[in-house]
Amino acid sequence: MKKVNKYSLSFFGSLVVLLLIIPLSGCDRVSQSALVWTDVPELVIAAQLFNKENDQFAVDVEYKANPASEMKKTNKPPSLVVAKYLLSRPLTRKFDSLNDLFSKYYLDPNDMYPALLSAGKQGTEQLLMPLSFDCMVLVERKTENASAGVAVLNPDVLQSSSQAFTVIKNDEMSAMGFSPRWDVEFAEDWLFAGGSNFSLNPNWKSTSVPRANDANSWPILWDRGNLEKSVDALLSLSSNVKKEQEDAFTFTYFNKPGYQLVLENRILYWPMKASEFFRLPYSAKTQLRYRFPAVDQKVLLTADTRYMGIPRGAKNKKAALAFARWLLIAGNQEKVWKEMESQQLLPDYIPFGGLSSIMQVNETIFSKYFPEYAQNPLVSSSLPSVTALPDYWDSFSRDFLRHWLGNVLSDSVSKGPIDERFRASLEQYLGTMPDWLIANR
């Protein structure tokens, strides 16, 4: 009997059953079988192709909702982890060096975006390798001079063009350029790009209880100055519009997808993840273009950057290294694209969830399937440093940060310094002992 990969049926939803049960190479021909933990569904396709090509190594893929958190708890790590939130310092210490991928497996580090690669490095050791990432774009209508202008939108241009587009008559607004309130995930990613540096507090103990007025007992750290600067910049983007006017505008017109409002010339820019833009209907994309919002000339990365690493003490490391190398070859990623195309999974699902860490893949393969990318490709130097978010970020962001951001951006009257308001709200939130905090005790 052939082995099967383990995957969560509920996670895939509408994905075909073929993705759920994928045979490995025959056990009698395989000397090593690596177990992979991942939150990337498309990795099942990659595993299928890898196993077909190998009679020495094979991989089993097991879905984990949050592999980073699972890594903190387990005494029996898998052979390979491919997931978000692996970059925080306590987690990186749990991984072995991947330098052999360069020295023995002849991967060229120059093939990858330098900012992504350096984030997984500590000293001379490459502990984690980037696989994929996503970033924010601003979608706008194509015009006759669509080729004019620049590929990025800095805050000053975004603010001025938004204000010029906005139409207010008799205190009522009929068109609006842009507002950070439309997508709180955009606002969150703006904080990342602005250097707010949310990270795990190394002094925090999982058995401790956060104490009032004692930030060292809190599980998260941040840069006070950059947080305040970033929020002020967000507030300035729609400073010419009253909250009541914007509320009335959104109540009247926001009964359809944001990109449709762009096509109707009701709004100038709509924020989206790049991966979401490329999945739009072709008929819409022919009338739209996108640009990258930028802070200090750096694009806005989302929290979706995926890295891979081999845990210390893991079994079957040779098989894990072979699969990691396979994933980081452009030709092999193209095989995944072709297989997903043959199974009619494109464009609803993009391989590995977004743009590739390998520049050539985006410039050739990604552009082949999504020609719009070639009209405005990413410049390598525009990628910022990757924020080493803690493994509990999804829950923290959903239950606290995005609510706090929404409230701050909606306030028409300042209620004190941003950092003071953040600390007060965070202290209150941590005092409720949220589920993720209880789970780490």
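Criteria and cut-off values
- Residues numbered from 1 in each chain as written.
- Predicted model: local features only at pLDDT ≥ 70, side-chain atom pairs only at ≥ 80, totals over all residues.
- Heavy atoms only, no water.
- Salt bridge = Lys/Arg side-chain N within 4 Å of Asp/Glu carboxyl O.
- Buried < 20%, exposed > 50% of the residue type's maximum accessible area, 1.4 Å probe, protein only.
- Helix = DSSP H or I, 4+ residues; strand = E, 2+ residues; numbered from the N terminus.
- Contact = heavy atoms within 4.5 Å.
- Axes fitted to C-alpha atoms, helices over the stretch in contact; angles between N-to-C directions.
- Parallel < 35°, antiparallel > 145°, perpendicular 65-115°, else oblique.
- Left-handed = near helix turned anticlockwise from the far one by under 90°.
- Nonpolar A, V, L, I, M, F, W, Y, C, P; charged D, E, K, R; others polar.
- 1 Å grid on protein atoms, 1.4 Å probe; cavity = no way out; pocket = protein on both sides within 12 Å on 5 of 7 lines; lining within 4 Å.
- Points joined across faces, edges and corners; volume = space filled by probe spheres on them.

Next up on the list: the pattern of salt bridges. For the structure shown, the criterion picks out 23 salt bridges. Among the salt bridges present, the one from Arg211 reaches Asp214, with a minimum N-O distance of 2.5 Å. A salt bridge links Glu264 to Lys256; the shortest N-O distance between them is 2.9 Å. By relative accessible area, which is 35% here, Lys256 ends up partly exposed.

The next point concerns the environment of Met433. Along the chain, Met433 falls in the loop between helix H19 (418-431) and helix H20 (435-439). Put simply, Met433 and Pro210 are 223 residues apart on the chain and 8.6 Å apart in space, counted from C-alpha to C-alpha. For Met433, the contacting residues outside a window of four places in its chain are Pro210, Ile438 and Arg441.

Interhelical geometry of helix H2 (residues 43-53) versus helix H14 (residues 317-327) gives an angle of 110 degrees and a closest axis separation of 11 Å. As the angle between them shows, H2 and H14 are arranged roughly perpendicular. Between H2 and H14 lies a crossing of right-handed hand. Listed contacts from H14 to Leu43, Ala46, Ala47, Leu49, Phe50 and Glu53 of H2 are Ala322, Phe323, Trp326 and Leu327. When the residues that make up the contact of H2 with H14 are grouped by side-chain class, the tally is nine nonpolar, no polar and one charged.

Moving on, we come to empty space enclosed by the protein. To locate leftover empty space, one rolls a probe as large as a water molecule over the atoms. Applying the stated criterion across every chain yields a total of three cavities of 30 Å³ or more. Each pocket or cavity is described by its volume, and for the largest cavity that value is around 180 Å³. Every residue lining the largest cavity is counted, 18 residues in all, and those nearest its centre are Thr302, Thr305, Val386, Thr387 and Leu389. Each residue belonging to the lining of the largest cavity can be placed in one class, and the counts come to 13 nonpolar, four polar and one charged. Reported here for the second largest cavity is a volume of approximately 40 Å³. Lining of the second largest cavity is provided by Gln333, Trp337, Pro351, Phe352, Gly354, Leu355, Ser356, Val361, Asn362 and Phe366. Of all the secondary structure elements, the ones that give two or more residues to the lining of the second largest cavity are helix H15 (330-342), strand E17 (355-356) and helix H16 (359-369).

Note that all results are geometric; they support no functional claim without further evidence.
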